[in-house]
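Residue strings, one per chain:
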Amino acid sequence: MSERRLLLKIDSFILSYCCLMYFTNYLDRSNVNNAYVSGMKQDLNMQGNEFNIINTMFTCGYIIGMIPNNLMLQLVPPRIWFPLMQIVWGVLTFCTSAVQDVQQLYAIRFLQGVAESSTFVGTHYILGSWYKPGELGKRSGIFTSSGLAGTLSSLLLRVIYSLIYISFIIDGVITLPIALYGFLVFPDVPATTRAFYLTEEERLLSYDRLKLDHDITRRPLSWTLIKRVLTRWRWYGCSLLFAISGETESFGSNNLMGQWLSAVGGYAVEQVDYYPSGVTAFGIASTLVCATWTDHTRARWPVLVYMCVCCTTACQSASSCGVAPPGLKFFAYYIAGAAYSGQATTFAWANQICADDDQERAIVLASMK
């Protein structure tokens, strides 16, 4: 009974903050994609592959920031670091609404990538610090789905606001109070938590219930960490696993369906914005079902088979662009949303694999995304 009460409390505060944080994180990303197909391309006189460069700059910042951000969680309390990074990208989101040329957008997106890289891998590190293997899948699925929900919500902003850049201002306004909420309620990790809503008994229980399966001792960082990471298979294997799995997400994350609708013509701006939401909806459903199923079965690999079948079918259908009817292409893009289901499953799997070394787990998780 006491363990159930503890889970209820940490679910309420960890998941609520992390999901809200990731929601605003994904809201920002999808706003850029939506703005591009809704008029930003013309406003900034974007030519050629400049939109791809924008995404590349964000990705470069994201890659550079992942490992340092997860290592900072070893040095700075997460209740400080997470909100601090959220404030940084919130301010940068405000700046996006005032850009005058694409070069300014390049710089902003790079810096946003550095700040936003703290959220996804950092939250999975925190989830692995608080939950047992049989509890991780569902929580990872809920967290991942909250980011996808940010994509859908960005479409609602387009319904309410006709000006392209207003959505960036709204995103920034939403982000800042959520950061304050994190400062106030986030519980850090079991070994260091001083959360006001946990009793002393619950603090001890959060530590004791994991110590048989997890390395939850907080140790200073040292150069031996590099040796441990590089001389074991886990960094290589887990990074390769998600590199392959995550690459399939380009169907949704780069809004390929929206770009296709714009290219073929005949669709209103609203339709170009709204129709791709089916990809996200299918991704959310797949993520929640698959992640919950893996907690019950303790088998993670069948989810990858499911992804493979859906994405192969989607590619086969979408590749016949010259002859396939529009309905088949819609079907192809929508079932490709199954690619999102790999996020929760592979990160829960990596948390489970690396549970015996807390610092290595932080590096492995950061390297996967």
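Here the structure is a predicted model, which means the values were calculated and not measured.

Rules of the game
Sequence order as written defines the numbering, with residues in each chain counted from 1. Where local features are concerned, this predicted model is filtered to residues with pLDDT of at least 70; where side-chain atom pairs are given and counted, the filter is 80 or more; whole-chain, interface and lining totals use all residues. Side-chain metrics in this entry use all non-hydrogen atoms of the structure; hydrogen atoms and water are not considered. Helical segments are the DSSP runs of H or I of at least four residues, strand segments are the runs of E of at least two, and each set is numbered from the N terminus. In this scheme, a residue with accessible area under 20% of its type's maximum is buried, one over 50% is exposed, and one in between is partly exposed, where area comes from a 1.4 Å probe on protein chains only. For this analysis, a polar contact is any N or O atom pair within 3.5 Å, provided that within protein one partner can donate a hydrogen and the other can accept it, and provided that sequence-adjacent residues contribute only side-chain to side-chain pairs. In this description, contact between two residues means that some pair of their heavy atoms is separated by no more than 4.5 Å. Within this scheme, the nonpolar core is defined by two criteria: the residues are buried Ala, Val, Leu, Ile, Met, Phe, Trp, Tyr or Cys, and they are joined through side-chain atoms within 4.5 Å. Only the stretch in contact is used when fitting a helix axis, every axis being a line fitted to C-alpha atoms; angles between N-to-C directions are given from 0 to 180 degrees. Should an angle fall under 35 degrees it is taken as roughly parallel, and over 145 as roughly antiparallel, whereas 65 to 115 is taken as roughly perpendicular and any remaining angle as oblique. Two helices cross in a left-handed way if the nearer one is turned anticlockwise from the farther one by less than a right angle. They cross in a right-handed way if the turn is clockwise. Nonpolar residues are Ala, Val, Leu, Ile, Met, Phe, Trp, Tyr, Cys and Pro. Charged residues are Asp, Glu, Lys and Arg, and all others, Gly as well, are polar. In this scheme, patches are assembled from residues that exceed 30% relative accessible area and form no salt bridge. Like charges are connected within 9 Å, while nonpolar side chains (Val, Leu, Ile, Met, Phe, Trp, Tyr) are connected within 5 Å. Using a 1.4 Å probe, accessible areas were evaluated by the Shrake-Rupley method; residue-level cover was limited to the displayed protein chains. For this analysis, a salt bridge means a side-chain nitrogen from Lys or Arg found within 4 Å of a carboxyl oxygen belonging to Asp or Glu.

Describe the side chain of Ser 367, naming the residues involved and giving the relevant values.
You can see Ser 367 is positioned in helix α17 (residues 358-368). Classification of Ser 367 by relative accessible area gives buried; the value is 18%. Side-chain polar atoms of Ser 367 contact the side chain of Trp 235, separated by 2.7 Å. Ignoring anything within four residues of it in the chain, the contact list for Ser 367 reads Ile 67, Trp 235 and Ser 239.

Can you tell me about the nonpolar core, naming the residues and giving the values?
Among the nonpolar cores identified, the biggest contains 57 residues, and Ile 14, Ile 126, Tyr 131 and Met 368 are the most heavily contacted of them. Leave out the neighbours within four places in its chain, and Tyr 131 touches Leu 7, Ile 10, Asp 11, Leu 15, Leu 136, Arg 139, Arg 209, Leu 210 and His 214.

Quick one: what's the story with the packing of helix α9 (residues 234-247) against α17, residue by residue and with numbers?
Here α9 crosses α17 at 30 degrees, and the two axes come no closer than 8 Å. Regarding the angle of α9 to α17, the classification is roughly parallel. Remark: the crossing between α9 and α17 carries right-handed chirality. Contact with α9, carried on its side by Arg 234, Trp 235, Cys 238, Ser 239 and Phe 242, involves Glu 360, Ile 363, Val 364, Ser 367 and Met 368 of α17 and no other residues of that element. For the contact of α9 with α17, the class distribution of residues is 6 nonpolar, 2 polar and 2 charged.

Explain a nonpolar patch on the surface residue by residue, including any values.
Residues Ile 80, Leu 84, Val 88, Leu 180, Phe 183 and Leu 184 make up a contiguous nonpolar surface patch of roughly 490 Å² in combined accessible area. Broken down by secondary-structure element, the contributors of at least two residues to the nonpolar patch are α3 (78-96) and α6 (166-185). Checked against the element boundaries, Leu 184 lands in helix α6.

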